[in-house]
Amino acid sequence: MKFGISTFITDRSIRPAPLGQALEERGFDSLFIAEHSHIPVSRESAYPGGGELPDIYYRTLDPFVALTAVATVTERLLVGTGIALVAQRDPIHTAKEVASLDLVSGGRAVFGIGVGWNREEMANHGTNPAVRGRLANERLRAMIELWTKEQAEFHGEFVDFDPVFAWPKPVQQPHPPIYVGGGQGAFPRVVELGDAWLANSLPPKVLGERMKELRALAGRDVPVTVYAVPDDAETIEAYAELGVERVQFYLPSDPEPAALAHLDRFAELVARLG
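To start, this report covers the structure provided alongside it. This one's a predicted model, so the numbers in the text were calculated from it and none came from an experiment.

1. Quick look at a negative patch on the surface
Step number 1: Taken together, the side chains of Asp 232, Glu 234, Glu 237 and Glu 241 define an acidic patch exposed on the protein surface.
Step number 2: Mapped onto the elements, Glu 234 comes out in helix H8 (residues 233–242).
Step number 3: A relative accessible area of 62% means that Glu 234 is categorised as exposed.

This is the structure:
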């Protein structure tokens, strides 16, 4: 099983470049970072974690800018979004950002995607929350066309463009892996458009049942990465027994000294697990 880090990179946390260097020095395989373009002052959407919305949601850096900074100071680390909110992103711009990150990183980009929960945030992007799932699927299909065709075109319900040239093309073929975030409602998206399921902090017992459901639906083994896991040896061993491909420890969005101390603790746990 592989070990990575998931976090919110903010204007108050450790900077992207030193974070990437620290992860590679400690042997972690990946960094997945969260995205929120903004948070509306007036919000009716309930925070899925319960209670008040944490401050980090208000302060996230643009994920592709941050991951590019990480990519330029690392050689092996996978650089991924965890997750990019495709339901509120222009697909042509996003396809270019993903392909550019893949080029700059030498083929290390991972496109973690989801539809999001903050309806007011979506609405400010012109997205109707009621159709965000269909919209996300269509935008993903359009991005795949842009990545894989020299002259790409797409004609759908929400996305429509005649043949276009769009470079750069990704280094990875046919395109960077798409890790689909979400619960059971996202399983059809995983099956049709995803290369892996990005599960968010599910306990091992629940995750095991969900993995069986997903594999039955897909008719194949679907790789699973678990985002934001606790640094608990028993839990990590249970994920390994389930056949999880990767777990990502959750790194608090702290300044550099505290962040490095957290990373040292995670690395020590990995070493103990062997």
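2. A look at unusual backbone geometry
Step number 1: A cis amide bond links Gly 82 to the next residue, Ile 83, at an omega of 10°.
Step number 2: A cis amide bond links Gln 173 to the next residue, Pro 174, at an omega of 5°.
Step number 3: Non-glycine residue Ser 201 carries a positive phi angle of around 60°.
Step number 4: Inspection of the secondary structure puts Ser 201 in the loop between strand E9 (196–200) and helix H7 (204–218).
Step number 5: Backbone geometry places Ala 228, a non-glycine residue, at a positive phi of 60°.
Step number 6: Tracing the chain through its elements places Ala 228 in strand E10 (residues 224–229).

3. Regarding the packing of H7 against H8
Step number 1: Closest axis-to-axis distance for the H7/H8 pair is 10 Å, and the angle between their directions is 20°. Judged by the inter-axis angle, H7 sits roughly parallel to H8. For H7 against H8, the interelement crossing comes out right-handed. Contacts between H7 and H8 involve Pro 204, Leu 207, Gly 208, Met 211 and Arg 215 from the former and Thr 235, Ala 238, Tyr 239 and Leu 242 from the latter.
Step number 2: Partitioning the contact of H7 with H8 into residue classes produces six nonpolar, two polar and one charged.

4. Comments concerning the pairing of strand E2 (residues 30–33)
Step number 1: What you see with E2 is no split at all: Ser 30 and Phe 32 on one side and Leu 31 and Ile 33 on the other are buried throughout.
Step number 2: Pairing analysis gives three bridges linking strand E1 (residues 2–7) to E2, with the strands arranged parallel. Within E2, the position partnered with Ile 5 by the bridge is Leu 31.
Step number 3: The sheet contact formed by E2 and strand E3 (residues 78–81) spans four bridges and is parallel. By the bridge assignment, Leu 31 is partnered in E3 with Val 79.
Step number 4: The β-α-β motif built from E2, the intervening helix H2 (residues 63–72) and the parallel element E3 has right-handed crossover chirality.

5. Observations regarding the pattern of salt bridges
Step number 1: All told, the structure shown has 15 salt bridges when counted by the stated rule.
Step number 2: Across the pair Asp 264 and Arg 26 runs a salt bridge, and its minimum N-O distance is 2.7 Å. Of this pair, Asp 264 sits in helix H9 (residues 256–273) while Arg 26 sits in the loop between helix H1 (16–25) and E2; the two residues are 238 residues apart in sequence, bridging distant segments of the chain.
Step number 3: The exposure class of Arg 26 is partly exposed, given its relative accessible area of 27%.
Step number 4: Here the residues in one salt-bridge network are Glu 25, Arg 26 and Asp 264, joined through shared partners.

6. Notes on the environment of Glu 268
Step number 1: Residue placement: Glu 268 occurs in helix H9.
Step number 2: In this structure Glu 268 comes out as partly exposed when scored by relative accessible area, which is 49%.
Step number 3: It is 9.4 Å that separates the C-alpha atoms of Glu 268 and Arg 26, two residues lying 242 residues apart in sequence.

Thresholds, definitions, all that
Residues numbered from 1 in each chain as written. Predicted model: local features only at pLDDT ≥ 70, side-chain atom pairs only at ≥ 80, totals over all residues. Heavy atoms only, no water. Patch = residues over 30% accessible without salt bridge, like charges linked within 9 Å, V, L, I, M, F, W, Y side chains within 5 Å. Areas by Shrake-Rupley, 256 points an atom, 1.4 Å probe, with all protein chains shown as cover. Salt bridge = Lys/Arg side-chain N within 4 Å of Asp/Glu carboxyl O. Lys, Arg positive; Asp, Glu negative; His and termini not counted. Charge placed at Lys NZ, Arg CZ, Asp CG, Glu CD. Helix = DSSP H or I, 4+ residues; strand = E, 2+ residues; numbered from the N terminus. Buried < 20%, exposed > 50% of the residue type's maximum accessible area, 1.4 Å probe, protein only. Axes fitted to C-alpha atoms, helices over the stretch in contact; angles between N-to-C directions. Parallel < 35°, antiparallel > 145°, perpendicular 65-115°, else oblique. Left-handed = near helix turned anticlockwise from the far one by under 90°. Contact = heavy atoms within 4.5 Å. Nonpolar A, V, L, I, M, F, W, Y, C, P; charged D, E, K, R; others polar. Pairing = 2+ DSSP bridges. Right-handed = clockwise from strand over helix to strand, strands pointing away.

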